[in-house]
Amino acid sequence: MKRIGILTSGGDCGGLNAAVRSIFYRAKEKYNLDVYGILEGTVGLMERPPRYIKLDYGTFSGNLIRQGGTFLGTTNKGNPFKYPMPDGTFKDRTTEIVGGYHELGLDGLIVIGGDGSMKIIKEIANKGNLNIVAIPKTIDNDVGATESSIGFHTAVDVATNALDNLQFTAASHSRTMILEVMGRDAGHIALNAGIAGGADVILIPEINYTIDGIIKKLKQLNSYGIKHSLIVVAEAVKQENGKNSTVKFADGETRLGGIGSYIASKIMNKTNIECRVTTLGHVQRGAPPSTQDRILASAFGVYAVDLLAQKKFDRMVAWNDRKVVDFPIQMGIETYKEVELDDSLVKTALALGIYIGDIS
Ligand code: F6P
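Residues numbered from 1 in each chain as written. Predicted model: local features only at pLDDT ≥ 70, side-chain atom pairs only at ≥ 80, totals over all residues. Heavy atoms only, no water.

1. Digging into unusual backbone geometry
- Each neighbour pair has its own omega, and for Arg48 with Pro49 the value is -5 degrees, a cis peptide bond.
- Along the chain, Pro49 falls in the loop between helix H2 (42-46) and strand E3 (52-54).
- Positive phi values are uncommon outside glycine, yet Asn141 reaches one of about 55 degrees.
- Take Asn141: it is sitting in the loop between strand E7 (132-136) and helix H5 (152-173).
- By relative accessible area, Asn141 is classed as buried at 4%.
- Phi is positive for Asp321, which is not a glycine, with a value near 50 degrees.
- As for its position among the elements, Asp321 is in the loop between strand E14 (315-320) and strand E15 (323-328). (Helix = DSSP H or I, 4+ residues; strand = E, 2+ residues; numbered from the N terminus. Buried < 20%, exposed > 50% of the residue type's maximum accessible area, 1.4 Å probe, protein only.)

2. Describing the site of the ligand
- Residues in contact with the ligand, as listed here, are Asn76, Ile139, Asp140, Met182, Gly183, Arg184, Glu235, Arg255, His282 and Arg285.
- Between the ligand and Gly183, the relevant distance is 3.2 Å, taken from an oxygen atom to a main-chain nitrogen or oxygen of the residue.
- In this structure, an oxygen atom belonging to the ligand sits 3.0 Å away from a side-chain N or O atom of His282.
- Computed on the free molecule, the ligand has an accessible area of 400 Å², of which 87% lies beneath the protein chains in the complex.
- Across the shell around the ligand, the residue classes break down as two nonpolar, three polar and five charged. (Near = heavy atom within 4 Å. Polar contact = N/O pair within 3.5 Å; in protein donor to acceptor, adjacent residues only side chain to side chain. Areas by Shrake-Rupley, 256 points an atom, 1.4 Å probe, with all protein chains shown as cover. Nonpolar A, V, L, I, M, F, W, Y, C, P; charged D, E, K, R; others polar.)

3. Remarks on the domain arrangement of the protein
- By the assigned domains, the protein splits into domain 1 (3-150 + 289-320) and domain 2 (155-285 + 340-351).
- The straight-line distance from the C-alpha centre of domain 1 to that of domain 2 is 33 Å.
- Taken residue by residue, the interface counts 12 residues in domain 1 and 13 residues in domain 2.
- For the pair domain 1 and domain 2, the two sides together bury roughly 940 Å², of which 46% comes from carbon and sulfur.
- It is Lys77, Ile139 and Asp140 in domain 1 that bury the most area against domain 2; as a group they hold 53% of the surface buried on that side.
- Counting every contact that joins domain 1 to domain 2 gives two salt bridges.
- In this structure, Lys77 and Asp251 form a salt bridge, with 3.8 Å as the shortest nitrogen-oxygen distance.
- Taken together, the links from domain 1 to domain 2 amount to three residue pairs in polar contact (both at pLDDT 80 or more).
- Class assignment for the residues of the side of domain 1 that touches domain 2 results in two nonpolar, six polar and four charged. (Domains from an automatic or database assignment. Contact = heavy atoms within 4.5 Å. Buried area = accessible area lost by both parts, 1.4 Å probe. Salt bridge = Lys/Arg side-chain N within 4 Å of Asp/Glu carboxyl O.)

4. Brief notes about the packing of aromatic side chains
- Counted by the stated rule, this structure contains seven aromatic pairs.
- Summarising the aromatic geometry, the rings of Phe24 and Tyr25 are spaced 5.7 Å apart at their centres and angled 80 degrees between planes, so their arrangement reads as edge-to-face.
- Both rings, one in Phe60 and one in Phe71, keep their centres 6.2 Å apart while their planes meet at 90 degrees; by these two values the pair is edge-to-face. Highlighted residues: Phe60 in the loop between E3 and strand E4 (83-84) and Phe71 in the loop between E3 and E4, separated in sequence by 11 residues.
- Using a relative accessible area of 25% as the deciding quantity, one classes Phe71 as partly exposed.
- Grouped by ring-pair contacts, the aromatic residues Phe24, Tyr25, Tyr57, Phe60 and Phe71 constitute a single cluster.
- The cationic tip of Lys82 hangs over the ring face of Phe90; the distance from NZ or CZ to the ring centre is 5.4 Å. (Phe/Tyr/Trp six-rings, centres within 6.5 Å; stacked < 30°, edge-to-face > 60°. Lys NZ or Arg CZ within 6 Å of the ring centre and 35° of its normal.)

5. What about the sheet that holds strand E10 (residues 229-234)?
- Overall, parallel pairing links the four strands, which are arranged E9-E10-E8-E13 in an open sheet. One side of each edge strand has no neighbouring strand; the edge strands of this open sheet are strand E9 (201-203) and strand E13 (275-279). Taking each pair of neighbouring strands and ignoring which way they run, the sheet shows an average axis angle of 15 degrees.
- As paired strands, strand E8 (residues 176-181) and E10 are joined by six bridges and run parallel to one another. Each bridged residue has a counterpart across the sheet, and for Met177 the counterpart in E10 is Leu230.
- Against the sheet, H5 makes contact with E8, E10 and E13, and its axis sits at roughly 165 degrees relative to E8, the strand it touches most.
- Of the strands in this sheet, E8, E9, E10 and E13 are in contact with helix H8 (residues 259-270), which crosses E13 at around 175 degrees. (Pairing = 2+ DSSP bridges. Axes fitted to C-alpha atoms, helices over the stretch in contact; angles between N-to-C directions.)

6. A short note on helix H4 (residues 115-128)
- Taking 1.5 Å of rise per residue, 14 residues should cover 20 Å, and H4 covers 20 Å from first to last C-alpha, within 8% of that figure.
- Among the residues of H4, those classed as buried are Ser117, Met118, Ile121, Lys122, Ile124, Ala125 and Gly128.
- Buried residues along H4 sit in contact with H2, helix H3 (94-103), strand E6 (108-113), E7, E14 and helix H11 (329-334).
- A positive backbone phi angle near 55 degrees is found at Asn129, which sits one or two residues after H4. (Expected span 1.5 Å × (residues − 1).)

7. Side note on the nonpolar core
- Counting 83 residues, the largest nonpolar core has Ile135, Leu203, Tyr209, Ile214, Ile263 and Ile267 as the members making the most contacts within it.
- Ranked by the residues each element gives to this core, the list is headed by H5, at nine residues.
- Shared between two domains, this core takes at least three residues from each, and those domains are domain 1 (3-150 + 289-320) and domain 2 (155-285 + 340-351).
- In contact with Ile214, other than residues within four places in its own chain, are Val201, Leu203, Tyr209, Ile231, Ile263, Ile267 and Tyr355.
- By size, the runner-up hydrophobic cluster in this structure holds 28 residues, among which are Val43, Tyr101, Val111 and Ala125. (Core = buried A, V, L, I, M, F, W, Y, C linked by side-chain atoms within 4.5 Å.)

Okay, structure coming up:
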């Protein structure tokens with residue numbers, strides 16, 4: 001093995017640069033490999049000439065370990081099997097990706113991505129004999145087979161800090177402050193930040209709630225003389241009619257958003273409780289990586305290079321029982337991880353008297 005590539009794929013998050021740095025150092029220090037950073041995810045391999053930068057010690061001047069986002073660029077649009085072309089048609093561009101990999105003379109490729117990216121790259125690798133290893137990243141923390149994915153802890157810290165700030169203004173005005181956090185299908189960010197930030201109500205997509213249940217909790221607080229409160233709601237929580245709150249952008253893309261305002265208006269229609277809403281959005285993704293994410297990214301990067309060097313391809317690294325381990329990539333895709341009803345943190349929330357929905 002002489003030359004390896006790295007690409008970041010899907011939504012960005014804190015810790016991606018730290019992972020790229022770790023891969024580079026391990027590849028150089030232990031195996032003296034050339035390391036190519038592919039630009040803009042699989043798009044960099046699709047284009048001719050393929051777009052990449054050759055990483056060297058100068059690339060990592062000390063800033064990257066603490067920098068949010070990904071300096072390589074990424075994309076979370078356009079499935080390469082059905083890639084949207086400028087003329088409005090769709091084209092399978094996976095052969096170009098395979099060609100880009102071979103044109104660069106790569107002996108292996110480390111893909112840092114979530115379950116969607118892993119599924120796509122695995123299929124492309126099967127088709128074109130690419131030697132791949134995956135590192136899980138997603139603020140949603142829903143990749144299976146690993147307890148933590150890169151980016152999750154940073155997002156939880158950002159959401160917890162937001163609750164810390166909201167607490168003061170909630171108390172000053174005797175208001176209910178609602179914080180809407182990300183999490184496309186899973187409620188891990190809301191649950192973790194809600195507990196860490198002392199929320200009174202935590203709403204996650206895995207557990208049904210009622211507006212009356214929320215109001216009952218707020219009235220209970222009132223009866224204790226507490227006239228302010230904090231609610232955390234995950235963006236994927238549904239309205240009472242079972243529909244998601246979504247926003248459609250001018251470019252045709254639809255994203256989750258608006259459930260916080262929905263909850264606020266329902267509470268205010270039924271009570272005289274004053275609510276305000278904060279939608280946290282992409283600050284959860286772009287924030288500088290937390291300590292935990294830097295550590296996780298560093299450990300994952302080293303292990304991923306070792307897997308490539310040992311020719312253990314089609315594997316993903318994972319964090320389990322305080323150790324880095326590896327599994328077939330397929331396992332990360334198949335065992336999608338949402339919040340389970342018997343999760344220790346669900347039990348913790350219940351034990352603390354937090355309203356978390358219709359569960360006891
Ligand atoms: O999957 C990560 C995530 O941040 C989700 O939590 C969120 O719903 C989505 O990506 C937002 O995507 P975009 O960056 O395209 O707005």
